[in-house]
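Here's the letter readout for the chains.
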Amino acid sequence: NYIDEAALFYQNPMKWLSINVSSILPNYLVLFDELLNSISSFITSNDYQLVGNFFHADVEQGRVSRRVLVFKK
């Protein structure tokens, strides 16, 4: 019945962030672009700014999408 950490994150990204990223926020967030809609409120409410948008793959596959986004606090 084991569920790995990535699977837990993708089940509910906002819940995972609220549990695992509490008082000390990371300086950078690196994520696949498909996650942007699900965590956009976290990004905006914590004043992260997009600093990088990189090509990753031609074809989306599973949890991996075409672009990697980098946000800085």
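Everything that follows concerns the structure shown earlier in this document.
Here is what the cut-offs are and how they apply
- Residues numbered from 1 in each chain as written.
- Predicted model: local features only at pLDDT ≥ 70, side-chain atom pairs only at ≥ 80, totals over all residues.
- Heavy atoms only, no water.
- Helix = DSSP H or I, 4+ residues; strand = E, 2+ residues; numbered from the N terminus.
- Polar contact = N/O pair within 3.5 Å; in protein donor to acceptor, adjacent residues only side chain to side chain.
- Contact = heavy atoms within 4.5 Å.
- Phe/Tyr/Trp six-rings, centres within 6.5 Å; stacked < 30°, edge-to-face > 60°.
- Buried < 20%, exposed > 50% of the residue type's maximum accessible area, 1.4 Å probe, protein only.
- Lys NZ or Arg CZ within 6 Å of the ring centre and 35° of its normal.
- Pairing = 2+ DSSP bridges.
- Axes fitted to C-alpha atoms, helices over the stretch in contact; angles between N-to-C directions.

A.B. asks: Tell me about the side chain of Ser65, and name the residues and values.
C.D. replies: Relative to the elements of secondary structure, Ser65 occurs in the loop between strand E2 (49–55) and strand E3 (67–72). Reaching out from Ser65, the side chain makes a polar contact with the backbone nitrogen of Glu34 at a distance of 3.4 Å. Not counting the four nearest positions on each side in its chain, Ser65 is found in contact with Phe32, Asp33, Glu34, His56, Ala57 and Glu60.

A.B. asks: Hey, could you go over the packing of aromatic side chains for me, with residue numbers and the actual values?
C.D. replies: In this structure the tally under the stated criterion is 3 aromatic pairs. Where Phe9 meets Tyr10, the ring centres are 5.5 Å apart and the plane angle is 85 degrees; that geometry is what we call edge-to-face. The buried category is assigned to Phe9, whose relative accessible area is 14%. Ring pairing ties together the aromatic residues Phe9, Tyr10 and Trp16, which thus form one cluster. Here the basic side chain of Lys73 rests over the ring of Tyr48, its NZ or CZ set 5.5 Å away from the ring centre.

A.B. asks: Can you explain the sheet that holds E3? Please cite residues and give values.
C.D. replies: Read from one edge of the open sheet, 3 strands run E1-E3-E2, paired in antiparallel fashion. Unpaired on one side and paired on the other, strand E1 (28–32) and E2 mark the two borders of the sheet. Strand-to-strand twist across the sheet, computed as the mean angle between neighbouring axes with direction ignored, equals 20 degrees. By the bridge criterion, 6 bridges tie E2 to E3 in an arrangement that is antiparallel. When the bridges of E3 are listed, Gln49 appears paired with Lys72. Across the sheet, helix H3 (residues 36–45) touches E1 and E3, and the angle it forms with E1 is around 165 degrees.

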